[in-house]
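# A look at the structure
What follows is each chain in one-letter form.
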Amino acid sequence: RHARRFGGWLVVFALGYAVFHPAGTIFAGFGDVGDSDTRWADWIDLLTPYVVTGAAAGALRGAGATRGTWTAFWFAATTYTLGKGLHVAANSVGNALPGEDPDVVHLWDETVGHYVWFGGFAMLVAVLAVALADRRPRGGIGAHLLALVVGFTYFTNSVEGQTAWFGIATAAVFFLWGLVTRDGMGRYLATAFGLSLVLFAAFGTWQGGFPEFSELGWI
């Protein structure tokens, strides 16, 4: 009875990704929490794994996922949440204690945290892509517009998160899978990650590499 009830969860998944992944930038203007050394953006960021993995689970349940799919989802969700936790903790400590062990903070925030977090997200997308590949799309132009938002966010996260080449590789895989499964839900993958690849190519050519937007003074 849940076989067709996954579209709404995919909308939540996409919007949650677009809003919460760049939470540090979107909510930066909220400032600090009272007299503490913590930021509202960091506290809001704690919602990210609940929204993203919860929406993915809702979509899988609505699509009637198999036991094997749930096992893959468990691994993906665990990896994603671990990476997100590493990022939030190290980033918050770095903001509160600037200059204290910067190499350690950078390692757990920008390197280990980002790769585990973004790798977990790529796993979640892969699980959804395989599980929903043969489902009939119903979203129309609205779904494609939402897919473009996801693709843009994927590009910006990868560049600002210093994982551009990982982002390019995974975007290429998802784009090709989207083309293979374009008669079903794959068409939205092709839209999202096709845009990501175009943006990576344009930005990389323009800048001669992938400097962070913050280094360029854009954010």
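Scroll up to find the structure.
The following refers to the structure shown. Worth saying up front: this structure is predicted, and the values here are computed from it rather than measured.

Thresholds, definitions, all that
Residues numbered from 1 in each chain as written. Predicted model: local features only at pLDDT ≥ 70, side-chain atom pairs only at ≥ 80, totals over all residues. Heavy atoms only, no water. Core = buried A, V, L, I, M, F, W, Y, C linked by side-chain atoms within 4.5 Å. Buried < 20%, exposed > 50% of the residue type's maximum accessible area, 1.4 Å probe, protein only. Helix = DSSP H or I, 4+ residues; strand = E, 2+ residues; numbered from the N terminus. Contact = heavy atoms within 4.5 Å. 1 Å grid on protein atoms, 1.4 Å probe; cavity = no way out; pocket = protein on both sides within 12 Å on 5 of 7 lines; lining within 4 Å. Points joined across faces, edges and corners; volume = space filled by probe spheres on them. Nonpolar A, V, L, I, M, F, W, Y, C, P; charged D, E, K, R; others polar.

This part is about the nonpolar core. Side chains of a nonpolar character, in soluble globular proteins, are inclined to be buried together. Counting residues in each nonpolar core, the largest one holds 37 residues, and the members touching the most others are F13, F121, L128, Y154 and F193. Mapped onto this core, the elements with two or more residues apiece are α1 (7-20), α4 (48-62), α5 (67-96), α6 (102-131), α7 (140-160), α8 (164-180) and α9 (186-207). Tallying contributions element by element places α6 first for this core, with 10 residues. The contact partners of F121, leaving out residues within four places of it in the chain, are F13, Y17, H21, V52, Y80 and Y154. Core analysis: the next-biggest nonpolar cluster, separate from the first, contains seven residues, F155, A164, F200 and F203 among them.

Turning next to the layout of surface pockets. There is about 730 Å³ of room inside the largest pocket. Along the walls of the largest pocket sit 31 residues, with F6, L10, L132, M185 and Y188 positioned nearest its centre. Those elements that place two or more of their residues in the lining of the largest pocket are α1, α6, α7 and α9. With six residues, the single largest contributor to the lining of the largest pocket is α1. Taken together, the residues of the lining of the largest pocket break down into 23 nonpolar, four polar and four charged. Its volume calculated, the second largest pocket comes out at about 600 Å³. Along its surface, the second largest pocket is lined by 29 residues, and P22, G24, T25, E160 and I219 are the ones closest to its centre.

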